[in-house]
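Listed below are the residues making up each chain.
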Amino acid sequence: MDEKDRKIISILQQNGKATLSQIAEKMGMSAMGVKKRLDKLEKGKIKLTPLLNVEELGIVTAVVAMEVESSDALRKIIEKFRDCPRIIKFFVTTGSYNLFALIYAEDYHSLESITLEKCSLRSQPGIRRYDIFPIQEIFYDSYLDIKVVAEKEREDAPCGVFCGDCYRYESNRCLGCPATKFYRGRL
């Protein structure tokens with residue numbers, strides 16, 4: 001990555017909707033030259049994606065800290081929740097907690113559900129210790145890569161759980177999985 005690549009990235013970070021012509025003008029390049037560089041950057045170095053403003057949408061976020069007993073259990077958890085729309089990112093670390101997850105929910109009832117019920121990370125085999133830290137404030141930038149599922153035709157969540165017979169879902173204390181037809185949230 002050279003200075004021109006960094007400049008293109010900087011322009012897009014300031015305005016993700018900047019056109020090739022606008023970027024080219026700021027850089028003193030042709031639009032085709034910018035396009036070629038951008039195409040090359042998009043092959044593994046950058047990803048252009050919409051982000052949601054969690055504060056504006058009233059989304060509750062939390063960090064989940066887990067001590068997982070083995071690398072095999074850790075891999076199984078990460079794989080099982082690969083397509084879970086509520087998990088923004090997993091982070092594998094060293095230390096007493098070796099797996100962290102950044103998660104979201106639309107309200108505190110749903111946050112409580114996804115940390116207690118059978119769809120929770122806490123209920124997975126291999127979890128020795130589990131703590132959850134709801135995030136009160138986000139500084140600098142409240143835009144996060146929240147997965148929005150457009151078509152909700154499936155009954156089972158990507159993790160294999162069925163929301164339809166969950167006590168908390170039935171008693172309106174959970175909005176359901178955003179990837180299923182049971183989802184009652186706003187995303």
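Scoring rules and cut-offs
- Residues numbered from 1 in each chain as written.
- Predicted model: local features only at pLDDT ≥ 70, side-chain atom pairs only at ≥ 80, totals over all residues.
- Heavy atoms only, no water.
- Helix = DSSP H or I, 4+ residues; strand = E, 2+ residues; numbered from the N terminus.
- Buried < 20%, exposed > 50% of the residue type's maximum accessible area, 1.4 Å probe, protein only.
- Contact = heavy atoms within 4.5 Å.
- Areas by Shrake-Rupley, 256 points an atom, 1.4 Å probe, with all protein chains shown as cover.
- Lys, Arg positive; Asp, Glu negative; His and termini not counted.
- Charge placed at Lys NZ, Arg CZ, Asp CG, Glu CD.
- Axes fitted to C-alpha atoms, helices over the stretch in contact; angles between N-to-C directions.
- Parallel < 35°, antiparallel > 145°, perpendicular 65-115°, else oblique.
- Nonpolar A, V, L, I, M, F, W, Y, C, P; charged D, E, K, R; others polar.
- Core = buried A, V, L, I, M, F, W, Y, C linked by side-chain atoms within 4.5 Å.

What about the overall build of the chain?
Step number 1: Each helix and strand in the chain was counted, giving seven helices and six strands.
Step number 2: With the C-alpha coordinates of the chain rotated into their principal frame, the extents come out at 60 × 35 × 30 Å.
Step number 3: The buried share among the 187 residues of the chain stands at 40%.
Step number 4: A separation of at least 24 residues holds for 64% of the contacts in the chain among residues at least 6 apart in sequence.
Step number 5: For the chain, the accessible surface area stands at approximately 11400 Å², while carbon and sulfur atoms represent 50% of it.
Step number 6: For the chain, the distance from the average position of its 30 positive side-chain charges to the average position of its 27 negative side-chain charges is 5 Å.

Here we look at the environment of Lys118
Step number 1: Tracing the backbone shows Lys118 in the loop between helix 6 (108-116) and strand 5 (127-134).
Step number 2: On the accessibility criterion, Lys118 (43% relative accessible area) is partly exposed.
Step number 3: In this structure the C-alpha to C-alpha distance between Lys118 and Cys166, which are 48 residues apart in sequence, comes to 8.7 Å.
Step number 4: Ignoring anything within four residues of it in the chain, the contact list for Lys118 reads Ser123, Gln124, Val161, Phe162 and Asp165.

Things to note about the packing of helix 1 (residues 3-14) against helix 3 (residues 31-41)
When two helices pack together, their arrangement is captured by the angle between the axes and the distance separating the axes.
Step number 1: Where helix 1 contacts helix 3, the axes come no closer than 10 Å and their chain directions differ by 85°. Here helix 3 runs roughly perpendicular to helix 1, going by the angle between their axes. Of the residues in helix 3, those touching helix 1 at Lys4, Asp5, Ile8, Ile9 and Leu12 are Val34, Arg37, Leu38 and Leu41.
Step number 2: For the contact of helix 1 with helix 3, the class distribution of residues is six nonpolar, no polar and three charged.

Re the side chain of Asp5
Step number 1: Assignment of secondary structure puts Asp5 in helix 1.
Step number 2: Judged by its relative accessible area of 11%, Asp5 is buried.
Step number 3: Those residues in contact with Asp5, other than ones at most four positions away along the chain, are Arg37 and Leu41.

Some points on the nonpolar core
Step number 1: Met66, Val68, Ile103 and Leu121 are the most contacted members of the largest nonpolar core, which totals 29 residues.
Step number 2: Every element with two or more residues in this core is listed here: strand 2 (60-68), helix 5 (71-80), strand 4 (99-105), helix 6 and strand 5.
Step number 3: Of the residues forming this core, the biggest block, five residues, is contributed by strand 2.
Step number 4: Not counting chain neighbours up to four residues away, the residues in contact with Leu121 comprise Val64, Met66, Ile77, Phe81, Ile87, Phe90, Ala101, Ile114, Ile127 and Tyr130.
Step number 5: Listed in part, the 13 residues of the second largest apolar core include Ile11, Met27, Met29 and Leu38.

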